[in-house]
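# Structural features, examined
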Amino acid sequence: MELALYCPDCGYYEKEKDNLGRQGDFYTSVSVGSVFGELLATRLADWLDELDQKTGLNSPVDLVEAGAHHGQLALDILLWFREFRPDLLQRLKYTIFEPSRSRKAIQVRRLASFAENTAWCDRLAPESIRGVIFSNELLDSMPITRLQWHAGERQWREMGVALRRDEFVWSSLESPVSLPFETPGELLTVLPEGFIVEFSSVATDWWQGAARALHSGWLMTLDYGFESQYLLDPSRPNGTLRTYHHHRVGDNHLAAPGDQDLTAHVNFAEIIRAGERSGLVTDYFDRQAAFLGTIAQGLMIKPATFPPWTLPRLRQLRTLLHPENLGESFRVLVQRRS
Ligand SMILES: C[S@@+](CC[C@H](N)C(=O)[O-])C[C@H]1O[C@@H](n2cnc3c(N)ncnc32)[C@H](O)[C@@H]1O
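Note that the structure is predicted; figures quoted are calculated from it, not measured.

### Quick word on the overall build of the protein chain
Across its full length, the protein chain holds 12 helices and 15 strands. A compact globule built from 338 residues should have a C-alpha radius of gyration of about 20 Å, and the protein chain, at 21 Å, falls within 12% of that. The principal-axis extent of the C-alpha atoms belonging to the protein chain is close to 65 × 40 × 40 Å. The proportion of buried residues among the 338 residues of the protein chain is 54%. Contacts spanning at least 24 positions in sequence make up 75% of the contacts within the protein chain whose residues lie at least 6 apart. Total accessible area on the protein chain is roughly 16100 Å²; 52% of this is exposed by carbon and sulfur atoms.

### Considerations on the nonpolar core
One finds Leu-39, Leu-44, Leu-63, Ile-77, Phe-81, Phe-134 and Met-220 to be the most contacted residues of the largest nonpolar core, which totals 49 residues. For Met-220, the residues in contact, after removing those within four places along its chain, are Leu-40, Leu-44, Trp-47, Ile-133, Phe-134, Ser-135, Trp-207, Phe-291, Val-332, Leu-333 and Val-334. Listed in part, the 25 residues of the second largest apolar core include Leu-124, Leu-138, Met-142 and Ala-211.

### Some remarks on the packing of aromatic side chains
Counted according to the given criterion, the structure contains 10 aromatic pairs. Aromatic pair Tyr-94 and Phe-134: ring centres 6.2 Å apart, planes at 90°, arrangement edge-to-face. Taken as a pair, Tyr-94 in strand β2 (residues 92-97) and Phe-134 in strand β4 (residues 129-136) lie far apart in primary sequence, 40 residues in all. We classify Tyr-94 as buried; its relative accessible area is 0%. Arranged with centres 5.9 Å apart and planes meeting at 90°, the rings of Phe-97 and Trp-206 form a pair that is edge-to-face. Note that Phe-97 is positioned in strand β2 and Trp-206 in helix α8 (residues 201-213), a separation of 109 residues in sequence. Both residues of the pair, Phe-97 and Trp-206, count as buried. A connected cluster of aromatic rings, assembled from ring pairs, spans Trp-80, Phe-81 and Phe-84. In this arrangement the basic side chain of Arg-82 is found over the ring face of Phe-114, its NZ or CZ atom lying 4.0 Å from the centre. Residue placement shows Arg-146 over the ring face of Trp-170; its charged tip is 4.4 Å from the ring centre.

### Let's talk about the site of the ligand
In the vicinity of the ligand lie 17 residues, with Thr-28, Val-30, Gly-67, His-69 and Asn-136 positioned nearest. Taking Gly-67, its main chain carries an N or O atom lying 2.7 Å from a nitrogen atom of the ligand. Contact with the protein chains hides 94% of the accessible area of the ligand, taken as 600 Å² for the molecule alone. Split into classes, the residues belonging to the shell around the ligand amount to nine nonpolar, five polar and three charged.

### Points about the side chain of Asn-267
As for its placement among the helices and strands, Asn-267 is situated in strand β13 (residues 266-267). For Asn-267, the side chain forms a polar contact with the main-chain nitrogen of Ala-269, separated by 3.2 Å.

### Let's talk about unusual backbone geometry
One non-glycine residue with positive phi stands out, namely Arg-154, at about 50°. Despite not being glycine, Asp-166 shows a phi value in the positive range, around 65°. Within the element layout of this structure, Asp-166 appears in the loop between β6 (155-164) and β7 (167-177). For Asp-166, a relative accessible area of 76% corresponds to the exposed category.

### Digging into the sheet that holds strand β12 (residues 261-263)
Across the sheet, which stays open at both edges, the three strands sit in the order β11-β10-β12 with antiparallel pairing between neighbours. Sheet topology places β11 (248-250) and β12 at the edges, where each strand pairs with a single neighbour. The average undirected angle you get between the axes of adjacent strands in this sheet is 30°. Pairing between strand β10 (residues 242-245) and β12: three bridges, direction antiparallel. In the sheet register, Thr-243 faces β12, and the bridge partner there is Leu-262.

### Concerning the domain arrangement of the protein chain
Each assigned domain of the protein chain is listed with its residue range as follows: domain 1 (2-142 + 200-234 + 263-337) and domain 2 (146-190). A separation of 33 Å is found between the C-alpha centroids of domain 1 and domain 2. At the junction of the two partners, domain 1 supplies five residues and domain 2 supplies seven residues. Counting across the interface, domain 1 meets domain 2 through zero residue pairs in polar contact (both at pLDDT 80 or more). Split by residue class, the side of domain 1 that touches domain 2 holds two nonpolar, two polar and one charged.

### Thoughts on the packing of α8 against helix α10 (residues 268-277)
Two elements in contact, α8 and α10, have axes separated by 9 Å at closest approach and are oriented at 30°. The crossing of α8 and α10 is right-handed. Note on element contacts: α10 touches α8 through Glu-270, Ile-271, Ala-274, Gly-275 and Arg-277, opposite Ala-203, Thr-204, Trp-207 and Gln-208. The class makeup of the residues in the contact of α8 with α10 is four nonpolar, three polar and two charged.

Definitions and limits used
- Residues numbered from 1 in each chain as written.
- Predicted model: local features only at pLDDT ≥ 70, side-chain atom pairs only at ≥ 80, totals over all residues.
- Heavy atoms only, no water.
- Helix = DSSP H or I, 4+ residues; strand = E, 2+ residues; numbered from the N terminus.
- Rg over C-alpha atoms; globule rule 2.2 N^0.38 Å.
- Buried < 20%, exposed > 50% of the residue type's maximum accessible area, 1.4 Å probe, protein only.
- Contact = heavy atoms within 4.5 Å.
- Areas by Shrake-Rupley, 256 points an atom, 1.4 Å probe, with all protein chains shown as cover.
- Core = buried A, V, L, I, M, F, W, Y, C linked by side-chain atoms within 4.5 Å.
- Phe/Tyr/Trp six-rings, centres within 6.5 Å; stacked < 30°, edge-to-face > 60°.
- Lys NZ or Arg CZ within 6 Å of the ring centre and 35° of its normal.
- Near = heavy atom within 4 Å.
- Polar contact = N/O pair within 3.5 Å; in protein donor to acceptor, adjacent residues only side chain to side chain.
- Nonpolar A, V, L, I, M, F, W, Y, C, P; charged D, E, K, R; others polar.
- Pairing = 2+ DSSP bridges.
- Axes fitted to C-alpha atoms, helices over the stretch in contact; angles between N-to-C directions.
- Domains from an automatic or database assignment.
- Left-handed = near helix turned anticlockwise from the far one by under 90°.

Listed below in structure tokens is the structure:
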């Protein structure tokens with residue numbers, strides 16, 4: 001997964017071609033339109049105000065976005081700040097956490113008009129951030145480990161990738177391994193032979209690193225996924241790893257490496273635990289529809305801080321909230337260090 005998505009020469013996410021939105025392979029909330037970024041911006045501004053009230057300081061504040069892809073979410077957020085909160089923008093540093101040089105070049109171009117507010121980094125120093133670290137659809141695109149249940153031996157084995165007659169194929173490794181999250185014993189008695197589950201220690205490590213970087217403020221992610229017990233649902237025997245190409249979902253994971261997206265559900269229970277182990281408190285965990293719906297409702301009573309709800313913008317909101325689009329399957333997790 002790591003090479004297929006992130007190889008500097010041929011990785012899917014390293015290519016200049018835009019793989020999001022109508023012309024690409026899949027939609028994200030960002031590709032729906034600017035309303036998503038604007039709604040988030042109002043919540044980010046509320047949090048930054050709250051931080052000011054607590055510390056009594058009018059000092060510099062941070063927004064750190066990870067996995068900014070083409071920089072569009074950053075642009076939507078910064079444009080809202082320019083229009084509605086120029087006072088905060090004046091002392092706001094918007095840092096993009098971006099390990100890929102080609103992605104950074106694309107983001108720098110898109111955010112040229114905010115050169116004074118923007119910065120890039122590929123690591124976050126401990127306790128360096130006073131503000132909010134956030135990401136949208138980052139954790140689901142991180143490398144995963146796939147495990148398969150061998151019911152007869154009551155063992156999990158890791159699935160590796162082998163080359164057979166010029167084709168990549170999944171191949172079970174010999175040594176048994178343990179699941180890195182708690183599993184009720186009764187569940188194992190009903191899991192069918194060959195049941196597959198994924199986990200991403202890269203995602204949990206990333207979250208812990210981000211938690212450590214937070215001096216004070218919030219860590220937030222929006223992504224699709226659920227808790228461990230749903231990952232072990234016997235009615236979903238093939239795991240959640242899937243491919244996206246031209247808006248078609250597929251399960252031929254090893255075909256066309258670098259030309260299709262690969263993604264797996266986030267195990268939020270593990271992410272929540274990782275944050276709490278690093279001293280964060282969980283503030284919020286719910287569906288995207290509930291999170292954005294509450295923000296939108298609040299704006300109905302203070303419309304002066306938001307662009308007008310024209311028909312196309314209401315349509316965007318509907319797509320973001322509707323259970324059959326992005327509202328139900330996406331989750332929002334917010335943790336905080338006071
Ligand atoms: C699915 S895209 C994100 C979509 C984008 N946030 C949006 O909402 O449209 C995943 C992005 O995460 C970036 N990425 C991958 N690993 C990362 C890491 N360890 N830290 C930060 N960004 C990473 C990739 O370069 C890619 O741009």
